[in-house]
Every structure is written in structure tokens, then in C-alpha cells.
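Notes for the structure review
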Amino acid sequence: MRRLLVALALVLSACSAGQDGPTTITFWDNNGGPGRTPIYQELIKRFEAANPDVKVEYVGIPSSSVQQKYDTAIAGGSTPDVGGVTTSYLAHLIGQDALEPADDRVENGALKGKLLNGLLETVRQTAPDGKLYAVPASGNMDIIWYRSDRFEENKIPQPSTWDDLTKAATQLTKPADNQYGFTIRGGAGSVFQLLSEAYSYSGVEKFYEGGKSTVSDPRNAELVRKVAELYKKATPEADVNNSYTQMVAQFTGGTVAMMHHNLGSTADVMKALGPERVAAMPLPKGPSGKRTVVPNPTDGFAVFKGGKNRDASWKFVEFLTSAESNGYWNEKVGQIPANTDVRGAEWIQKNPAVKMALGVLEDPATVLVPAPVYLPEYSSITKTDTEPLYQKVLLGQMSAQEFLDQLAAKLTTAQQDWEKRK
């Protein structure tokens, strides 16, 4: 009788286990909101239809608070299974030993050979050990938006060098008509954008050389001087306080003919002006003739060590970065797909800005110069410490070289401290 009861208990236990339903994983979107949440909801619906044994719980978190949320979750042992991450704070998560390396999963799975090398490298360069702690999903690139209609009207060719750009900016400036050739981002977010301009001009191929920051290279300072000389002559006076919002408003409102931003402003620009009046080009080259690009932070997906269902988590990450899903997501947001099988998609052929950016990143002659976003102090140095100094440069109160010398000194110290901790 006892054996019978034990056997019955085992059967009931097995039945109960089978009735537990699908495995549930939690996914944190690192930039939740009305623009992206519906895209992920659709992709999750597709994933669950193709994988009925896995259920995904979506949590949308604003980008402004996601790093703090991750820190709290790691400290409390309550991390998600899968999280959206960018390289701007990836090293911080790696330093807390919170993430699973993705190298073996990518090398031995469906994504092998399917991911854009430039994006893979920006992710690997963020990690102290060079491993892949996030699967890249989407890339961005700094570009120059320009009023193609005004260039045509004035018979000005698309600038290919910074000298061409500054000349065009002057030619397109008509203060009496409230029209200016260029707009400078002098307020919030200005320094990262300025560094992208400086390295595109200088051709300097590394952010650090011999343990010291190359930011203060005289060739970088030359570009900063060129940009500062445009202020109030070929740009609106209000530019000294410009953040992204004001800069885009000036461009889409017709006040300026050229604006340096990135693919993230595609929707705003196209909605306001349309493809018949606006176009995109890469940041111009400098005297070296080299194409040097400071990459934007790369978006991707990471699997957390604290998650309970890693196989299901990796299956979800693989799905999100598959050609179909990756193409769908990047078409909606207007960014560069990481999956190379998306390269020939019809929507890319119809999106000149993304097509142009892909061409730059895929060009073997392009040199990527990643900024040290892995440094814990990087954000405070480039924002709190340095943005006010750049405004002094624009106002003629500080030289370009002095400004970059101070920035380079802080970045060098931060790098040396990071190396010691590592």
C-alpha cells in the first residue's frame, strides 16, 4: 500500500509539473515609452507565438533612470532575465559581475557571422576583458542634416571636408532674413558632439595613446577653433545655450541650413521638412583625408546572471536580434540594424540616412575611435565639468587649446584610476 501511495504521489507531482505552464522570463526595456514600448509589445507577441513554452513579462523603464534601477536590482538580487543596455553604462554592469558573456552563444548559434563588426567591436571595447557582454541590436551615428533645397538654390555642392562646411555655412547665412548656415550645440550634450567633430577632423585614431588622452591634440583644437569662429557669424546667437531640443527646433523651423546630430532625429526632421528638402551626410573629413568616427553608444541586449531561465533568455535575445525582428525594430526607430542580413531590406533602400550610415560603418577604411564611456566619471567630466568651459570658448573667454587641455587632463586621470581598479 505504501509503495502504491508513493507511486501515486510521483504521478501527481509529474502532472503538477506539467501543468505549471510556460517558462516566464522578465525583460526590461531600457528606454520605455510611447515610441518604443509598442514595438516591443509586437515583437513579444511574435516571440510567444513562435515559442509557446516561454512567456515574456515586459517592463518599460525610462532611460533617465534605468542605470539606477539596474544597480538597485543587482544589489537586491532581483535582476531581470534580459535587459536592454547601451555601451554607455555596460562597463558599470560588467564591473558588478551582473552579466553573462554572450561570446559562446553567438559563436555557436544562429547569429554567428550575422552581426555588424563595427557594433560588435564597440561592445567588446567596453569590457575590460574584451568579451561580448551584450548582443548589439542597434547602432547610431553622428551625421550632418542639411537643407538640400537651399544648397541647390545657391549652387553649393554637398560639403566633403570641414573647410567646405564652414565655407557653405558662411555662404548660406543671411541675418536680415533670420537664416544661418549652421547651428552649434552649446548647451546640454554639447561636448560629446564636439568630440565627434574634433576627431572626424583631426584623423587621430585613438582616444588614448601611451595612457594619455589624445583629446588635447592640436589638430582637435584646430577644429574647435573653426567651430567657435562660426558662432554668431554663421549661427544664431542663442546657440551658446542650445540643447538638442532647441537645435532641432531651429533646423526644422527653417532658421538654419545645417545641423550636426544623429539618426535619432530622423523622425522629427522628415516630418517637418520631408525628403525633398533635407538630406544627410557623414561628418566631414579633415586635412588627413581619413574617415575617423567616434561611435555613438550601441544599444543591445544582455542576459543577467541573476536570472533563473538563461536558455529561455538567450532564445529571446536571439529572436530580438534575428534579421526579421532586428529589421522591424530599426525600421520603426530609424537606426542602423546590427544584423547584416537586414542590409538589403527595402526600407533601408528608401531611407538614405540609414543607408549612408551603414555604408560608412561597413567601409573597411573607416576608423572607429570609441570614447571612454566605460569610465564611471566620463559623464560628469564631459557634462558637469566641461560643458560650461565650452561655452567660454564660444564666448571668446577661453582658448580651444586650454579647454581641451583641461578636458584631456581629467580624462587621463580617470583612465589611470580605472586601470588601477581593473
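This one's a predicted model, so the numbers in the text were calculated from it and none came from an experiment. (Residues numbered from 1 in each chain as written. Predicted model: local features only at pLDDT ≥ 70, side-chain atom pairs only at ≥ 80, totals over all residues. Heavy atoms only, no water.)

Focus: the overall build of the protein
A tally of regular secondary structure across the protein gives 19 helices and 13 strands. Its C-alpha radius of gyration of 24 Å places the protein within 12% of the 22 Å reference for a compact globule of 422 residues. Taking the principal axes of the C-alpha coordinates as reference, the protein spans close to 100 × 50 × 35 Å. Counting the 422 residues in the protein, one finds 53% classified as buried. Looking at the protein alone, contacts between residues at least 24 apart form 74% of all its contacts between residues at least 6 apart. Of the roughly 18900 Å² of accessible surface on the protein, 50% is carried by carbon and sulfur atoms. (Helix = DSSP H or I, 4+ residues; strand = E, 2+ residues; numbered from the N terminus. Rg over C-alpha atoms; globule rule 2.2 N^0.38 Å. Buried < 20%, exposed > 50% of the residue type's maximum accessible area, 1.4 Å probe, protein only. Contact = heavy atoms within 4.5 Å. Areas by Shrake-Rupley, 256 points an atom, 1.4 Å probe, with all protein chains shown as cover.)

What about the pattern of salt bridges?
By the definition in use, this model includes 21 salt bridges. Across the salt bridge formed by Lys 112 and Glu 107, the nearest N and O atoms sit 3.3 Å from each other. On the accessibility criterion, Lys 112 (49% relative accessible area) is partly exposed. A salt bridge links Glu 205 to Lys 290, with the shortest nitrogen-to-oxygen separation between them at 3.1 Å. With Glu 205 in the loop between α9 (190-202) and β6 (208-209) and Lys 290 in the loop between β9 (279-282) and β10 (292-293), the pair connects residues that are 85 residues apart, well separated along the chain. Residue class for Glu 205 comes out partly exposed when judged on its relative accessible area of 38%. One network of salt bridges, with partners in common, ties together Glu 42, Lys 45, Arg 46 and Glu 324. (Salt bridge = Lys/Arg side-chain N within 4 Å of Asp/Glu carboxyl O.)

Remarks on the side chain of Asn 326
Among the secondary structure elements, Asn 326 is positioned in helix α14 (residues 323-333). Take Asn 326: its relative accessible area is 1%, and that puts it in the buried class. A distance of 2.9 Å separates a polar atom in the side chain of Asn 326 from the backbone nitrogen of Asn 339. If we ignore the near neighbours within four places in the chain, the residues touching Asn 326 are Ala 137, Leu 320, Thr 321, Pro 337, Ala 338, Asn 339 and Val 342. (Polar contact = N/O pair within 3.5 Å; in protein donor to acceptor, adjacent residues only side chain to side chain.)

Points about the domain arrangement of the protein
Looking at the assigned domains, one finds that the protein contains domain 1 (23-140 + 296-360) and domain 2 (142-295 + 367-420). With centres defined by C-alpha atoms, the gap from domain 1 to domain 2 works out at 28 Å. Of the roughly 1500 Å² buried where domain 1 meets domain 2, counting both sides, 69% is carbon and sulfur surface. When the buried area of domain 1 at its contact with domain 2 is split by residue, Asn 140, Asn 296 and Met 356 rank highest and sum to 34% of it. Applying the counting rule to domain 1 against domain 2 returns 4 residue pairs in polar contact (both at pLDDT 80 or more). At the level of secondary structure, the elements contributing two or more residues to the side of domain 1 that touches domain 2 comprise α4 (87-95), α6 (117-124) and α16 (352-362). Here the side of domain 1 that touches domain 2 gets 5 residues from one element, more than from any other, and that element is α16. (Domains from an automatic or database assignment. Buried area = accessible area lost by both parts, 1.4 Å probe.)

Thoughts on the environment of Val 123
Take Val 123: it is sitting in helix α6. Spatially, the C-alpha atoms of Val 123 and Glu 419 are 18 Å apart, while their sequence positions differ by 296 residues. When neighbours within four sequence positions are excluded, Val 123 is seen to be in contact with Thr 87, Leu 90, Lys 131, Leu 132, Tyr 133, Ala 134, Pro 136 and Thr 298.

A closer look at α4
Every buried residue of α4 is listed here: Thr 87, Tyr 89, Leu 90, Ala 91, Leu 93 and Ile 94. Close packing links the buried residues of α4 with α3 (66-76), β3 (82-86) and α6. Downstream of α4 by a residue or two, Asp 97 has a phi angle that is positive, lying close to 55 degrees.

Notes on the packing of aromatic side chains
Inspection of every chain in the model, using the stated rule, returns 17 aromatic pairs. Pairing Trp 28 with Tyr 70 gives two aromatic rings, centres 5.5 Å apart and planes at 20 degrees, and the pair type is stacked. A residue pair is termed long-range when its members are at least 10 positions apart, and Trp 28 in strand β1 (residues 23-29) and Tyr 70 in helix α3 qualify at 42 residues. For the residue pair Trp 28 and Tyr 70, the accessibility class agrees, reading buried in each case. When the ring of Tyr 40 is compared with that of Phe 301, the centres are 6.3 Å apart and the planes differ by 80 degrees; the resulting orientation is edge-to-face. (Phe/Tyr/Trp six-rings, centres within 6.5 Å; stacked < 30°, edge-to-face > 60°.)

Points about the pairing of strand β2 (residues 54-60)
With 7 bridges connecting them, β1 and β2 associate as parallel partners. Residue pairing for β2: Asp 29 is matched across the bridge by Gly 60. Crossover connection from β1 via helix α2 (residues 37-50) to parallel β2: handedness right-handed. (Pairing = 2+ DSSP bridges. Right-handed = clockwise from strand over helix to strand, strands pointing away.)

Some details on unusual backbone geometry
Despite not being glycine, Asp 97 has its phi angle at roughly 55 degrees, a positive value. With respect to the secondary-structure elements, Asp 97 resides in the loop between α4 and α5 (103-107). Its identity is not glycine, yet Asn 178 carries a phi of approximately 55 degrees, on the positive side. Relative to the assigned elements, Asn 178 resides in the loop between α8 (162-171) and α9. According to the relative accessible area criterion, Asn 178 is partly exposed, its value standing at 44%.

Thoughts on the packing of α3 against α4
The interhelical angle for the contact between α3 and α4, taken along N-to-C directions, is 10 degrees, at an axis separation of 11 Å. Between α3 and α4, the angle falls in the class roughly parallel. Where α3 abuts α4, its residues Val 66, Gln 67, Tyr 70, Asp 71 and Ile 74 lie against Tyr 89, His 92 and Leu 93. Across the contact of α3 with α4, the residue classes break down as 5 nonpolar, 2 polar and 1 charged. (Axes fitted to C-alpha atoms, helices over the stretch in contact; angles between N-to-C directions. Parallel < 35°, antiparallel > 145°, perpendicular 65-115°, else oblique. Nonpolar A, V, L, I, M, F, W, Y, C, P; charged D, E, K, R; others polar.)

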